[in-house]
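Chains, contacts and geometry: an overview
Each chain, letter by letter, is given below.
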Amino acid sequence: MEDPVRASLDHCVKCTICETACPVAQVTPLFPGPKYEGPQAERFRQPGASADHSVDYCSGCGICSQVCPHGVKIAEINSRARAAYKAEVGAPLRDRVLARPGVTGPMGSPVAPVVNRVMANGPARWVLERAVGLHHSAPVPPYAPRSFQRWARSHRRGAGVHPDGRSVVYFHGCSTNWFEPDLGRMVVAVLERNGVQVRVPDQGCCGLPLQSNGLFEPARRTLRHLAHDLAAGGGDEPVVASSSSCGLMLKREGREILGLADEDLRAMGERTYDICEFLLDLHDQGALDTDFRRLPLRVLYHAPCQQRGHAMGTPALDLLRLVPGMEVVESAGGCCGIAGTYGLKKEKYGIAMAVGEPLFEQVRTGNPDVVACDGETCRWQITAASDHSSVHPVALLFWAYGLEL
Amino acid sequence: MSDDGEIVVVGAGMAGLVAALRLAEAGRRARILAKGFGATHLSGATIDVLGYTPAPVMSPAGALPAFVAEHPDHPYARVGAGVVEEAVGWLKGHLTDPRYVGDLGRNFLLPTAAGVCKPAAVAPQTMAAGDLRGGGPYAIVGLPGLKDFYPSLVAGNLALATTPAGTAVGARAVEVDLSPGGRVDAGPLGYARRFEDPRFRADFAAALQGRLAADEVLGVPAVLGLAGAEQAWEELEARVERPIFEIPTLPPSVPGLRMFTVLMAAARRAGARVVIGAEVVGVETDGYRVRGVWSGTANGRRFYPTAALVLATGGWAAGGLVMDSHRVVREPVLGLPVTGADDGAARFLPGYLDHHPLATAGIAVDRWLRPVDARGAVLYDNVRVAGATLAGAEPWKEKSGDGISVATGYHAAMSVLTEEG
Amino acid sequence: MQTIETEVLVIGGGATGVGVARDAALRGFATVLVERKDLAEGTTGRYHGLLHSGGRYAVKDPQAARECAAENGVLRRIAADCIEDTGGLFVTTPWDDVEFGDRFLAGCAATGVGVEEIEVGAALVREPALNPDIRRAFLVADASMDAWKLAWACARSAVEHGARVLTYHRVTEVLRNGDAVAGVVTVDVRTGVTLTVRAQVTVNATGAWAGQLAALAGCRPVDVVPGKGIMIAMNHRIVNTVLNRCTMPSDGDIIVPIRTVSVVGTTDSPVTDPDQLEVTQAEVDHMLDEGEKLVPGFRKARALRVWAGARPLFGAKEPGDEKTRDITRAHTLLDHRQRDGLDGFVTITGGKATTFRLMAEETMDLVARMASPGTDRPCRTATLPLPDSEPGAYYAVGSRLAQRERHLLDDQLVCECELVSRRDLTEALDRRPTANIDDIRRALRLGMGPCQGGFCTYRATGILHHQERLDQATANRALLDFLQERWKGLAPILYGDQLRQARLDDWLYQGLLDVEHLPAAAGAP
Ligand SMILES: Cc1cc2nc3c(=O)[nH]c(=O)nc-3n(C[C@H](O)[C@H](O)[C@H](O)COP(=O)(O)OP(=O)(O)OC[C@H]3O[C@@H](n4cnc5c(N)ncnc54)[C@H](O)[C@@H]3O)c2cc1C
Ligand SMILES: Cc1cc2nc3c(=O)[nH]c(=O)nc-3n(C[C@H](O)[C@H](O)[C@H](O)COP(=O)(O)OP(=O)(O)OC[C@H]3O[C@@H](n4cnc5c(N)ncnc54)[C@H](O)[C@@H]3O)c2cc1C
Ligand code: SF4
Ligand code: SF4
């Protein structure tokens, strides 16, 4: 069988629609754009040989694949080509470090105060940039002193949750675990508030950073491992993810980009939900507690690229509009530029900032009380660049329920 | 149509946008599900209503009654000439930045990037000064780095044209060598971004200083900025002290993107929900009504219940109509019968510019745009079909592309609304 | 009327003709080649693209197999830049006799065709799209060979050695001097100007047209029956190895990955006129069905373009066969002095593109004996590489992409599908002043990719006009002609993705540019 990702290049009619939407091609001539990198260059590629390098500038945001009306899997083709390129030239140490939050996390957290001091320290960042190519201004959050998993292990089921009721597995992702454990606690609280029992098995990384850095083989191992972790001790409950990019990995990218054909992985992908998607489905079934208190906030909601990749609409927007007093405006699309670890790299930091500028400008001029966004790296990027605080939409629901940590 | 539930519009091209905006404006919950963007991103962005029958049409309003009588299966015949006029008028009201001018009373004759003057009923204000009736003389300004526009080709053909009144036309090409910062391989979008910068506009005007005759009308590629185009255009006119008009380039189309952005924002403001990247892969029906649609998601599919469905999936170019290698023709969303593509009959003729039999194939509808079978019986009560999916037109030859989409998208929405009211 | 004189005149600018011209020039003969269209516009530019290993003929035609095997080795040395070393597989599909594989192996052994039977699993790893139900697989030295590059490289080499190559010169008359052919009268089809070429020896290398040409010379009929074969190029390389069915040669049993496409072919049906090659729906369907047997899902892949070529099939047995006919049945060399008592005239026809050099060598051995008897002017083409070809440095499909990557910031793409840049275009025009976009297409592959000229037709016309290589009327005409030329190869395969593409192109040219109303459109074809 011919690989369906490659075969999809046949659908390209050169309409240029993807070019109008690619955030990177708009800001740098170094990147010739999705049509060129995807369906066009692919006709010149052969297995095991890499003839091009400009594909490394593709951030993997996936917007091109969403807007292509003809079903060309452009971003996926690019991702494969980048992996071939990396296999040929070898990935730099920096990419290998950024690609393994599951490894660096455990190293970071116990020594969090020290690491955080290094990361917050100007001269030290310059050294890091020189040594491993991590841009000195790139938004890198502090490590939390206590990981989410440590909290979860000692967490007792919330009041009102019936042991025989609905139950889910929570896939929290690395960032919640190491950087934003509070988000994980809010997710659990919001679910429990709605009578949903939440299981939090010990779990590792989904492999997305490895994949987006072109390191496919370790990415496959990592994702398989995750699926195994999440399945441990459970049946076939829904898997709920609070990171839109990591959730997408489980839903689709493992299959489409990494080419994993494992049956149990596919099955798990099918029962994976983004947290807002899950909550909105509850609402559609009349099972969501909508007893929100008034929150008179002006919120700018930004659906990150990876969230749009789910093709599930904007459930966060619909949920936030249930909160009385909240005034929610949707951002005019666009990309914040960070695209996972892309914008952290010194040769791409400038591009990422230019990509995000229209969005930052929207934030600055709109001057909302808070920005809501489903992607963690996007939130950090937006906050760093626009000086406005940003939260996951679930955090707003948490407050609207009047819950406390 | 019974409850006031959500109405799903499939497709985000001109027809889908118009239908969703009209529905949302009327207070209905509308949701656009689209596989990707539509032809708005490629279109010349003039609202072509009727240009050739094949004789050149000077006034669409004047020509429509006879045209409709001669083409009873044409979408215009389905909705009626009055609706075409009403819909285009309504659309004009929504198009801001740039504003649109003209009406069905008279076609503009606007130079294309090949230098042919193409009839269009309504056009962005930034293009109107190109009308051939003015007779020029034209100075067509090129940017040598822009590979999708060749001023000498345009000017050369314009110089061979005569105005409808029979007078000769003067035209010449002028080049301004300004390239968008470091980009050698820049398309229209790259230039459009540069033109948003007032300094670039000033440089452009300065480069033309002293190179234009007093009476010349300036034709430029349609790249005068994505946002704020009207202001950019006005400012440039003031700077060069001559009328300026834009000429659509090869895709991506900057004026098309402007039109899309304005309509999409209006639809969202009016409350329409939009999911791009969501291909509709199936429907659930009970007999003669569609209950909802399935759309593809990252990990499977998702069901959207719907009170009514507007099918605006485009024609062959967009995948609204498809043909497989066995030459079996299909409408993929609802499996509607495709008329005018009879098996066995010749579908293509030897000459590229011939009228190929397949060209007018599409979905047959009644006057409410409900799909019908070969005997004219309605197939689904709560479905409306709009845009290039419809049978009976050869819009790229007639120059009726967006005219059909606007009229039928609007009529589809009205027909959903009135049937309920 | 202008007249030029030469020793050797070659009629026909296909592989055979340019091969003969190069051979002649390398032997030091004053040489002129005339071709009625562009080089390789006949069968050579319409062939399947396969540099045979000989495997295909190993059972059916041992002589042809032997020649192909030998020439495959020679061309790999002298024409590496025209060749992509894809390798070839012969596979036994469920529709083929498993036993044939044994005959195949024996045939290869007997004819010197290198072959190795490999595990089915190994074949599937090498070519994942291959039918998983194949039962045997054999690896051979098949390769793909670019006809245009080959023809132009031979012509360039000939010119470098003093030959003149006159394209768009059609032979309208063969000049006789009693019992000898003395040259030809040609007409420049672009200007209408006639030119007489006088020669000591005239070589008729017009392939499927050889009968027509011989008739002009007034000799006994040369019975060449053009055999039509159709081929369909699929949009991308579905496979990277040449795939053959391991069976007696038949229709649609080969898929050749060449440049950016995969070509399935071919058919064989006699026609009367090699210039009238209609492609029928039934033939297209037949190819797709056969393709499906080698590569399941073939029908879902995108067909790009279809075309047909005419094989020069030499018909009836010649009287006095052993004298007038060359020793091998694969190609035919006629010495008209012996055959018809007509001096100074030789016909070379039949054969394969793979054996073009050998055919040229044999032809020139004969011509050399006729033109300068007694002198020894040995053939040099078997060892002297073509310009731009270094032994072992095969062409690779990624080379254009690699090249493009080097010029992202200083050159723009005109034909995006085939990665042809503005500089490529300008340089090609400088090398070879021509106003014909179709010539450029063949030289650069401009407009040969998925969109079939959707964007580049307009761009190329605009650039040529801008550079004042075309006046207004010619520019308009060129644009419309090119669109028509493209349409010809599209109409029979318009379904699926290519139908969507064609409709988008209609929107671009008619909906957006309104080319039907170009000032020159009145007389459009
Ligand atoms: C190059 C070009 C230039 C043009 N120039 C002009 C011009 O200058 N003036 C003019 O009046 N007209 C012009 N047109 C015509 C016009 O823009 C449109 O083609 C026409 O209006 C048809 O619009 P539509 O909405 O019916 O279809 P489209 O614009 O084709 O939109 C179809 C939509 O349906 C979606 N879709 C398809 N299948 C599915 C599915 N299964 N599920 C979900 N979504 C689906 C597609 O993704 C797309 O969003 C031009 C067209 C082209 C291509
Ligand atoms: C369908 C098909 C597939 C094939 N596949 C393969 C393959 O995969 N591998 C392989 O090795 N071989 C293949 N062949 C065979 C090979 O293509 C031909 O044998 C070879 O190309 C013939 O070259 P030629 O130069 O003899 O003829 P041509 O290339 O036909 O050259 C003859 C030239 O003479 C010119 N001419 C005609 N009349 C006149 C005139 N009056 N004045 C001036 N010029 C004139 C024509 O324009 C033409 O250019 C295939 C053939 C066909 C038909
Ligand atoms: S949007 Fe899709 S079809 Fe259009 S150019 Fe991009 S890949 Fe090709
Ligand atoms: S994935 Fe994003 S950056 Fe990469 S080509 Fe697509 S749109 Fe551009």
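Residues numbered from 1 in each chain as written. Chains lettered and ligands numbered in written order. Predicted model: local features only at pLDDT ≥ 70, side-chain atom pairs only at ≥ 80, totals over all residues. Heavy atoms only, no water.

1. Observations concerning the site of ligand 3
Residue and element names in this part refer to chain A. Quick reminder of the rule: Neighbouring residues are identified by heavy atoms, a residue being near a molecule or strand if any of them is within 4 Å of it. Starting at the N terminus, helices and strands are each numbered in turn, a helix being any DSSP run of H or I of at least four residues and a strand any DSSP run of E of at least two. Throughout this entry, Asp, Glu, Lys and Arg are counted as charged residues, while Ala, Val, Leu, Ile, Met, Phe, Trp, Tyr, Cys and Pro are counted as nonpolar. The remaining residues, Gly among them, count as polar.
Around ligand 3 lies a shell of 14 residues, among which Cys12, Cys15, Thr16, Cys18 and Cys68 are the nearest. Of all elements in the fold, only helix H2 (17-21) and helix H4 (34-42) reach the threshold of two or more residues within the shell around ligand 3. Taken together, the residues of the shell around ligand 3 sort by class into ten nonpolar, two polar and two charged.

2. Examining the sheet that holds strand S13 (residues 289-297) of chain B
Residue and element names in this part refer to chain B. Rules: Two strands are said to pair when DSSP picks up at least two bridges between them. Working convention: axes come from line fits to C-alpha atoms, limited for helices to the stretch in contact. Angles between N-to-C directions cover 0 to 180 degrees.
The strand order across the open sheet formed by three strands is S12-S13-S14, and the pairing between neighbours is antiparallel. Single-partner strands in this sheet number two, and they are strand S12 (280-286) and strand S14 (300-305). Mean inter-strand twist for the sheet, computed between neighbouring axes without regard to direction, equals 25 degrees. Both S12 and S13 contribute to a ladder of six bridges, which runs antiparallel. When the bridges of S13 are listed, Val283 appears paired with Val293.

3. Points about helix H4 (residues 81-94) of chain B
Residues and elements named next belong to chain B. Which entries qualify depends on this criterion: The span one expects for a helix is its residue count, reduced by one, times 1.5 Å. Each residue is assigned to one of three classes by its accessible area relative to the maximum for its type, calculated with a 1.4 Å probe on protein chains only: buried under 20%, partly exposed between the two thresholds, exposed over 50%. It is the directions from the helix axis to the C-beta atoms whose arc is reported.
The first and last C-alpha atoms of H4 sit 21 Å apart over 14 residues, in line with the 20 Å expected at 1.5 Å per residue. Those residues of H4 lying buried are Val83, Val84, Ala87, Val88, Trp90, Leu91 and His94. The arc that holds the buried residues of H4, viewed along the axis, is 160 degrees, so those residues lie on one side. Turned more than 90 degrees from where H4 packs its buried face, Gly82 and Gly93 sit exposed.

4. Some details on the interface of chain C and chain B
How big an interface is tends to be reported as the loss of accessible area on association of its parts. Spelled out, the test is: Working rule for contacts: check all heavy atoms of both residues, and any pair within 4.5 Å makes them a contact. In short, buried area is how much 1.4 Å probe accessible area vanishes from two parts on joining, totalled over both. Should a side-chain nitrogen of Lys or Arg be within 4 Å of a carboxyl oxygen of Asp or Glu, the pair is scored as a salt bridge. Think of a polar contact as two N or O atoms within 3.5 Å of one another; within protein, one of them needs to be a possible hydrogen donor and the other a possible acceptor, and neighboring residues in sequence only count if both atoms come from side chains.
Every contact between the two is made by 54 residues of chain C and, on the other side, 52 residues of chain B. Buried surface at the junction of chain C and chain B, summed over both partners, amounts to about 4,700 Å²; 62% is from carbon and sulfur atoms. It is Tyr458, Arg503 and Leu512 of chain C that lose the most area in chain C upon contact with chain B, and together they represent 15% of the buried surface on that side. At the junction of chain C with chain B, the criterion picks out six salt bridges. The shortest N-O distance in the salt bridge between Asp185 of chain B and Arg404 of chain C comes to 3.3 Å. The tally of links between chain C and chain B comes to 29 residue pairs in polar contact (both at pLDDT 80 or more). Going through the elements one at a time, helix H7 (281-294), helix H14 (456-466), helix H15 (472-490) and helix H16 (496-512) of chain C are the ones with two or more residues in the side of chain C that touches chain B. It is H16 of chain C that provides the largest number of residues to the side of chain C that touches chain B, a total of 13 residues. A class-by-class count of the residues in the side of chain C that touches chain B yields 27 nonpolar, 13 polar and 14 charged.

5. Overview of the site of ligand 1
To be explicit about the condition: Methods summary: accessible areas were calculated by the Shrake-Rupley approach with a probe of 1.4 Å, and residue burial reflects only the protein chains presented.
Within the structure, ligand 1 sits among 37 residues, and Ala39, Val280, Ala388, Asp402 and Ser405 of chain B are positioned closest to it. The environment around ligand 1 is built from residues contributed by chains A, B and C. A distance of 2.7 Å is found between an oxygen atom of ligand 1 and a backbone nitrogen or oxygen belonging to Ala39 of chain B. Within the backbone of Val280 of chain B, one N or O atom sits 2.8 Å away from a nitrogen atom of ligand 1. Coverage of ligand 1 by the protein amounts to 97% of the 1,000 Å² it exposes when considered alone. If you list the elements that add at least two residues to the shell around ligand 1, you get helix H1 (14-25), strand S2 (30-34) and helix H11 (401-420) of chain B together with H16 of chain C.

6. Describing the domain arrangement of chain B
Basically, it comes down to this: Each domain's limits were defined by an automated method or a database of domain assignments.
On domain assignment, one finds that chain B holds domain 1 (7-96 + 258-418) and domain 2 (128-247). A separation of 34 Å is found between the C-alpha centroids of domain 1 of chain B and domain 2 of chain B.

7. Regarding the pattern of salt bridges
Residue and element names in this part refer to chain C. Under the counting rule described, the total for this entry stands at 98 salt bridges over all chains. Between Arg27 and Asp365 there is a salt bridge, and its shortest N-O distance comes to 2.8 Å. Of this pair, Arg27 sits in the loop between helix H1 (15-26) and strand S2 (31-34) while Asp365 sits in helix H10 (residues 356-371), and the two are 338 residues apart along the sequence. Residues joined in a network through salt bridges with shared partners are Asp38, Glu41, Arg46, Arg305, Asp438, Asp439, Arg441, Arg442, Glu485, Arg486 and Lys488.

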